[in-house]
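# Coordinate inspection notes
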Amino acid sequence: MSSFSKKLLSWYDENHRKLPWRATKSPYNIWLSEIILQQTRVEQGLPYYRKFITTFPTVNDLANADEDKVLKLWQGLGYYSRARNLHFTAKQIVNDYNGEFPNTKKNLLKLKGVGDYTASAIASFCFEEPTPVIDGNVFRFICRLLGITLPIDVPETKNEVHDFLIRHIINGNASKFNQAIMEFGALQCTPKKPKCESCVFMQDCKAYNKNLIEIIPAKSKKVKVKHRYFNYFFISVNCTMVIRKRTENDIWKNLYEFPLIESSKSADLSTIQKQFKKNFDVNEKIAISFLTTYQHQLTHQKIHGSFWLVHTKSQIEIKNTILVAANELNNYAFSRLITRFIEDFENNDLQLQIV
DNA sequence: CAAGCGTGGAC
DNA sequence: TGTCCAAGCTT
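Residues numbered from 1 in each chain as written. Chains lettered and ligands numbered in written order. Predicted model: local features only at pLDDT ≥ 70, side-chain atom pairs only at ≥ 80, totals over all residues. Heavy atoms only, no water.

We now examine the protein's contact with DNA strand B. Taken together, 21 residues lie around DNA strand B, and R41, Y80, W252, H296 and Q301 are the ones closest in. In DNA strand B, the atoms that sit within 4 Å of the protein are 55% sugar and phosphate, with bases accounting for the remainder. A distance of 3.0 Å separates a phosphate oxygen of DNA strand B from a polar side-chain atom of D250. In the model, a phosphate oxygen of DNA strand B is placed 2.5 Å from a nitrogen or oxygen of the W252 main chain. Of the residues belonging to the surface near DNA strand B, the class tally is seven nonpolar, 11 polar and three charged. (Near = heavy atom within 4 Å. Polar contact = N/O pair within 3.5 Å; in protein donor to acceptor, adjacent residues only side chain to side chain. Nonpolar A, V, L, I, M, F, W, Y, C, P; charged D, E, K, R; others polar.)

Looking along the chain, the bond that leaves I216 and enters P217 is cis, with omega of 5 degrees. In this fold, P217 is placed in the loop between α12 (206–209) and β1 (226–237). At N98, a residue that is not glycine, the phi angle is positive and equals roughly 55 degrees. Among the secondary structure elements, N98 is positioned in the loop between α6 (81–96) and α7 (105–108). On the basis of relative accessible area, N98 is assigned to the exposed category, the value being 68%. Here the phi dihedral of N238 falls at roughly 50 degrees; this positive angle occurs in a residue that is not glycine. Mapped onto the elements of the fold, N238 is located in the loop between β1 and β2 (240–245). (Helix = DSSP H or I, 4+ residues; strand = E, 2+ residues; numbered from the N terminus. Buried < 20%, exposed > 50% of the residue type's maximum accessible area, 1.4 Å probe, protein only.)

Time to look at the nonpolar core. Considering soluble globular proteins, one finds that nonpolar side chains tend to be buried as a cluster. Core analysis: the largest hydrophobic core is formed by 100 residues, its most contacted members being F4, W31, F141, I142, I181, W252 and F258. Ignoring sequence-local partners within four residues, the contact set of W31 consists of L62, L86, T89, A90, F101, V114 and I122. Of all hydrophobic cores here, the second largest spans 15 residues; its members include F233, V242, V282 and I286. (Core = buried A, V, L, I, M, F, W, Y, C linked by side-chain atoms within 4.5 Å. Contact = heavy atoms within 4.5 Å.)

This part takes up the pairing of strand β5 (residues 287–297). When β5 meets strand β6 (residues 301–311), the two strands line up antiparallel, connected through 10 bridges. Residue I288 lies in a different strand from β6, and its bridge partner there is V310. Counting the residues between successive antiparallel strands, the hairpin from β5 to β6 contains three residues. (Pairing = 2+ DSSP bridges.)

Here helix α3 (residues 42–55) spans 20 Å end to end across 14 residues, near enough to the 20 Å set by a 1.5 Å rise per residue. Listed in full, the buried residues belonging to α3 are V42, G45, L46, Y48, Y49 and F52. Those residues of α3 that are buried lie in contact with α2 (27–37), α5 (67–74) and α6. (Expected span 1.5 Å × (residues − 1).)

The next thing to look at is the protein's contact with DNA strand C. Taken together, 24 residues form the shell around DNA strand C, and within it W21, L37, G113, N137 and K219 come nearest. When the atoms of DNA strand C within 4 Å of the protein are sorted by group, sugar and phosphate make up 66%. At a separation of 2.9 Å, a phosphate oxygen of DNA strand C approaches a polar side-chain atom of K219. Its residues assigned to classes, the surface near DNA strand C shows nine nonpolar, seven polar and eight charged.

The next subject is α5. In an α-helix there are 3.6 residues to a turn, and that puts residues three or four apart on one side. Inspection of α5 places V70, L71, L73 and W74 among the buried residues, and these make up the whole buried set. What you see down the axis of α5 is that its buried residues fit within an arc of 160 degrees, all on one side. In this structure, the buried side of α5 is in contact with α2, α3, α4 (59–63) and α6. Trailing α5 by a residue or two, G76 shows a phi angle of about 95 degrees, which is positive. (Arc of directions from axis to C-beta.)

Written out as structure tokens, the structure is:
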């Protein structure tokens, strides 16, 4: 074993967190945890992992559930394609794989939602396949250790990191090596204020010795935020509400929301009145009043959500919408933007208007 | 390959 | 308040 690997495992033995998916080698549990943890912090994903394992103890239970139920359980975690792919793959495992997960990285890669990182994670954690995991933590740690100043999203960087890991991964104990190297990035070699003064690799770390810690890992792309204006219509009659499912290939696909008109800029009441009649093909006269706004900051876009109250005594027919009892909204998965509105609405005595 | 996909915590 | 970004994947 190399001196790097020895130091790493010794650090891991003393410092690692006890996490539920580290107490199992079940491919189903590991797979579930890995999907949940994609681009997600442990503290944020942990309660979701517990919920899913409790609700769906086996891949069979997950496969037999409705997608709506899976999305509802996923609500609030973000990147909802993970939940859709999770459910799709569960059904595939049951139907095409006789309920058994593939046991090689090569075959794991065929599963929807399983990419290079996740395939390596499952193959090594469950089956000790000596294939390195390269996630954000590993990139950061190894790029700093080796002093790689190239952006992390160019192929050359990944190749260098991969070559290093291949030389050091421990045959027969790849699971621990991989867990350790990620945990080191997560706890010691953190994105901001890494704990260099107590680092066992201080002497070896090129970034530390050349004072490059702040600029490694480098990134080439900068995020440009697109602004969007969502006008939601809150339509309630006799304790029922009008909602619809977002089926288009866009943000929050397959989640529910109130009927929506998107505009290129913030819209005023008269514009909203006109657009409402036009878009929803409503003939009768409709009174609309402004309720509130919420802004929702995402990685690549900012949603300006305006909520409008539609005054009506009879039910309005809008295509592609469904009528839901107010006390059953909880059965549907909503985006964070909508849940925020519903929470505030219920807390503000405004529910009196839901006649 | 570049762009698109969420949310909440840290600073 | 705004910016960064975390156990990435798909198209």
